[in-house]
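One-letter residues, chain by chain:
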Amino acid sequence: PDPDVTPEYGRPPVDAPDGVVRTMRGLPVRCVLASSPIEAWGKALIALGLIDEVMYDAALTNLAVAKDERMKEVQTRMDETNRKRKDGYTKSKHHNRRRTERRLARLRSENGEDGVPAAPGQDEAAASEGGPGG
């Protein structure tokens with residue numbers, strides 16, 4: 001931290017009605033206003049003479065291109081995930097239907113065709129005729 005700058009919590013260190021800080025503790029300061037922090041840093045570096053406008057414009061252009069590429073990559077991943085989820089749902093839906101049909105078939109074979117459980121010792125033919133098996 002800069003020993004000349006003391007943050008005053010609860011209120012911004014603004015000494016002008018337009019919100020631009022020109023001095024702090026009697027020392028001149030530079031203030032830049034921008035729509036994003038990265039643009040503010042770029043403008044501050046230009047004001048200090050560390051970079052020029054060409055470098056600043058190239059950096060912002062590269063940043064925008066990288067952001068667009070990343071958004072396309074994320075969209076592609078989301079589309080792929082949604083497609084897999086949809087395919088998985090369809091497959092599981094059919095799998096669940098087949099599993100339910102197998103369970104019903106097993107219960108029908110255990111209970112007999114009329115849904116009444118077969119008595120122990122009855123075979124299927126006897127169970128379907130209604131007589132005792134054996």
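Cut-off values and rules
Residues numbered from 1 in each chain as written. Predicted model: local features only at pLDDT ≥ 70, side-chain atom pairs only at ≥ 80, totals over all residues. Heavy atoms only, no water. Salt bridge = Lys/Arg side-chain N within 4 Å of Asp/Glu carboxyl O. Helix = DSSP H or I, 4+ residues; strand = E, 2+ residues; numbered from the N terminus. Buried < 20%, exposed > 50% of the residue type's maximum accessible area, 1.4 Å probe, protein only. Contact = heavy atoms within 4.5 Å. Patch = residues over 30% accessible without salt bridge, like charges linked within 9 Å, V, L, I, M, F, W, Y side chains within 5 Å. Areas by Shrake-Rupley, 256 points an atom, 1.4 Å probe, with all protein chains shown as cover. Lys, Arg positive; Asp, Glu negative; His and termini not counted. Charge placed at Lys NZ, Arg CZ, Asp CG, Glu CD. pLDDT = per-residue confidence, 0-100.

Caption draft 1: Broad picture of the pattern of salt bridges. The final tally for this structure, using the stated rule, is three salt bridges. The closest approach of N and O atoms between Arg-70 and Glu-73, which form a salt bridge, is 3.1 Å. Here Glu-73 and Arg-70 lie together in helix α2 (residues 53–111), a separation of three residues that amounts to about one turn. Accessibility expressed as a relative area gives 44% for Arg-70, which makes it partly exposed. Of the charged contacts in the structure, one is a salt bridge between Glu-80 and Lys-84, with a shortest N-O distance of 3.4 Å. Taken together, the residues span about one helical turn, with Glu-80 and Lys-84 both in helix α2 at a distance of four residues. If you follow the salt bridges from partner to partner, you end up with Arg-70, Glu-73 and Arg-77 in one network.

Caption draft 2: A look at the environment of Ile-46. Mapped onto the elements of the fold, Ile-46 is located in helix α1 (residues 37–48). Note on Ile-46: relative accessible area 22%, which makes it partly exposed. With 10 residues separating them along the chain, Ile-46 and Tyr-56 place their C-alpha atoms 7.9 Å apart. In this structure Ile-46 touches Ile-51, Asp-52, Glu-53 and Tyr-56, once residues within four positions along its chain are discounted.

Caption draft 3: Examining a positive patch on the surface more closely. Among the surface-exposed residues, Arg-98, Arg-99, Arg-102 and Arg-103 lie close enough to one another that they form a single positively charged patch. Position of Arg-103 among the secondary structure elements: in helix α2. Residue classification places Arg-103 among the partly exposed positions, given a relative accessible area of 45%.

Caption draft 4: Quick look at the confidence of the model for the chain. Chain-level statistics for the chain give a pLDDT mean of 75 and a share of 65% at 70 or above. Looking across the chain, the model is least confident in helix α3 (residues 124–129), with a mean pLDDT of 52, and most confident in α1, with 87.

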